[in-house]
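Structural features, examined
If you want the building blocks of each chain, they are given just below.
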Amino acid sequence: MSKLLPEVLTERTETRRVTRSNALDAATRADLGQYFTPSTAAALITGLPSLPKTGVLRVLDPGAGVGSLTAALVARVATVAPDLKLDVTTFEIDEQVNGDLTVTLDECADAHSLTYEQYTADFITWAAATLTEGRDLPQWDLVVMNPPYRKINSKSAERALLASCGIETSNLYTAFVALALRFLAPEGQLVAITPRSFANGSYFRKFRDDLLKRTRLRNLHVFERRDRVFSDSEVLQENVIFHATADQAPGDVIVSVSRGYEDLPVRHSVPYRQVVDEADPQKFIHIATNADDLAAAGRMAKLPATLRDLGVQVSTGRVVDFRTAENLLSSPGKGAVPLLYPVNLSAGRVVWPASGGRKPQALVDNEDTRPLMLPSGTYCLVKRFSAKEEPRRVSASLLLPDDINGEDVGVENHINVFHQAHHGIDPDLAAGLTAYLNSSVVDQYVRIFSGHTQINAGDLRSLKYPSLQQLKELGLRVGLSVTPGMVDAALAEVVPELDLGRTNVDGVGSAASEGS
């Protein structure tokens, strides 16, 4: 009997995926975090790991869905490594989906030499039990995954199971990856498609630390369009495919980018230190997708100062409006202090009160609210959120004492505040910080490590900064004007080590386009 052709295998699996995805109701999808992998994306994902030519490759596919990733891997192996046998283990909690998965696995066995074990079980529950009950740990040579995406409540059973394994994380997708890492063979590989959000931010710091201690990144692929990869599930999410190996052998990282999963990727090789700075306690993962990004990363690495060097701190605004709703006023009055929201930050300055805004403009001054206030002074304020379509990811504004009335001010939680021991900072330094944060080079650099539109205080702490004297000089030159053209021109003169007049930076790698 002739074997099932690889292209027929993937076509049939894709038909099952589309049918099952269309039949899945929104409530079940949200509860289980189910977003099935299109066949073209599956081929891109399973094309990244290296394959031996012979022997048996032990494969784990947790959260397997209808088996799209396993089918894509089988199709690749049947084509490029026909003498390689596969031993596949799958986990899929949805019993109805498992029926489709069984059909896929049987067809995989028709297409290539394959044995499989199929679990209709929760991967987190199984993995936690295996890790904590003293069983002999199974090991897999390759993990392929499109893990479920859903936040995990801090008091949930899932969170407790993860804690029993020494894992602390807040989303199912990072939980699946963290558990799978513990079952990798000594030279094992893991390839996954996930949201890009794990690459930075304080929420995923422990996950990044765990990932980077256990593996070394080998490939990173990003999509320029958020609406392409899981378009038939109406998912609007920046995704990344990452490939990591359990061995710690040195090597560059291959970074590739495409608009969607059907476009030919543009690839370039990046030194590992440009992706992960070993000295960075946050372990941000910087994903530079072109030569300009590489140049920006190289420039920022040359800057001399951290916020600690500058004697400056950055914190999130203390006022969480819904927690103090009884103390909010629509307009300023006696016995109240100004309250600043992002709407009050405009064109690099603070406008208070904001005309036509629906947000409260004042905070009652009493014993409950006083700890939420800052004394009047000069501050640099940065919006925590920006719309995806906005031209700038980082938007900073200068707050001067004359911008508001009163001795104190309240700053809402959607604003980050640069301060010195919760007091104002030197006006020239504040103006310099505001100008620097509104520069093109900072905006470009932040986009390298931030896959979303949120800029947290931790992100701002992780940046490198010009020296104290350079920032003060920049503040003197720019003054109250923060137009990008003026800022960039002044920054080029005041901070020559940024090399803003050059198109490339030595030692940061070179880009080359090639099809896959």
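Nothing here was measured: the structure is a model prediction, and the numbers come from that model.

Side note on the pairing of strand S8 (residues 253–258)
With five of its six residues buried, S8 lies for the most part within the structure. Here strand S6 (residues 216–223) runs beside S8; their pairing, made up of five bridges, is parallel. Residue pairing across strands places Asn219 opposite Ile254, the latter belonging to S8. By the bridge criterion, five bridges tie S8 to strand S9 (residues 266–270) in an arrangement that is antiparallel. Each bridged residue has a counterpart across the sheet, and for Val253 the counterpart in S9 is Val270.

Digging into the packing of aromatic side chains
Tallying each qualifying case throughout the model produces 14 aromatic pairs. Here the aromatic rings of Phe198 and Phe207 are separated by 5.8 Å at their centres, their planes lie at 90°, and the arrangement is edge-to-face. There is no split in this pair, since Phe198 and Phe207 are both buried. In this structure an aromatic cluster arises from ring pairing among Phe91, Tyr119, Phe123, Trp126, Trp140, Phe176 and Phe183.

Some words on the environment of Arg208
One can find Arg208 in helix H9 (residues 205–214). Judged by its relative accessible area of 0%, Arg208 is buried. In this structure the C-alpha to C-alpha distance between Arg208 and Thr174, which are 34 residues apart in sequence, comes to 9.3 Å. Excluding its chain neighbours within four sequence positions, the residues that come into contact with Arg208 are Phe198, Ala199, Asn200, Gly201, Gln282, Lys283, Phe284 and Ile285.

Some points on the pairing of strand S17 (residues 379–383)
When you tally the buried positions in S17, you get five out of five residues, the bulk of the element. Residues of S17 alternate between two faces, with Tyr379, Leu381 and Lys383 on one and Cys380 and Val382 on the opposite face, all of them buried. One ladder, built from four bridges, connects S17 with strand S18 (residues 396–399); its direction is antiparallel. Residue Cys380 lies in a different strand from S18, and its bridge partner there is Leu398. Alignment of S17 against strand S20 (residues 415–419), held across four bridges, turns out to be antiparallel. Of the residues in S20, the one forming a bridge with Cys380 is Phe418.

Quick notes on the side chain of Glu412
Mapped onto the secondary structure, Glu412 falls in the loop between strand S19 (408–411) and S20. Although Glu412 is buried, it forms no salt bridge, and the closest oppositely charged side chain is Lys359 at an N-O distance of 6.5 Å. Among the polar contacts made by the side chain of Glu412, one reaches the side chain of His414 at a distance of 2.7 Å. Apart from the residues lying within four places of it in its own chain, the contact partners of Glu412 are Gly317, Val319, Asp321, Leu339, Leu340, Tyr341 and Pro342.

Observations regarding the packing of helix H8 (residues 172–181) against H9
For the pair H8 and H9, the least separation of the axes is 10 Å and the interaxial angle reads 30°. One finds that H8 runs roughly parallel with respect to H9. Between H8 and H9 lies a crossing whose hand is left-handed. Two secondary-structure elements touch here, H8 through Thr174, Val177, Ala178 and Leu181 and H9 through Phe207, Asp210, Leu211 and Arg214. When the residues that make up the contact of H8 with H9 are grouped by side-chain class, the tally is five nonpolar, one polar and two charged.

Points about the pattern of salt bridges
For the structure on display, the rule yields 15 salt bridges. Arg182 is the salt-bridge partner of Asp210, the closest N and O atoms lying 2.9 Å from each other. One end of the pair, Asp210, is in helix H9; the other, Arg182, is in the loop between H8 and strand S5 (184–195), and 28 residues separate them in sequence. Both residues of the pair, Asp210 and Arg182, count as buried. Within this structure, Arg12, Arg16 and Glu107 form a network of salt bridges that share partners.

Reading the values: the criteria
Residues numbered from 1 in each chain as written. Predicted model: local features only at pLDDT ≥ 70, side-chain atom pairs only at ≥ 80, totals over all residues. Heavy atoms only, no water. Buried < 20%, exposed > 50% of the residue type's maximum accessible area, 1.4 Å probe, protein only. Helix = DSSP H or I, 4+ residues; strand = E, 2+ residues; numbered from the N terminus. Pairing = 2+ DSSP bridges. Phe/Tyr/Trp six-rings, centres within 6.5 Å; stacked < 30°, edge-to-face > 60°. Contact = heavy atoms within 4.5 Å. Lys, Arg positive; Asp, Glu negative; His and termini not counted. Salt bridge = Lys/Arg side-chain N within 4 Å of Asp/Glu carboxyl O. Polar contact = N/O pair within 3.5 Å; in protein donor to acceptor, adjacent residues only side chain to side chain. Axes fitted to C-alpha atoms, helices over the stretch in contact; angles between N-to-C directions. Parallel < 35°, antiparallel > 145°, perpendicular 65-115°, else oblique. Left-handed = near helix turned anticlockwise from the far one by under 90°. Nonpolar A, V, L, I, M, F, W, Y, C, P; charged D, E, K, R; others polar.

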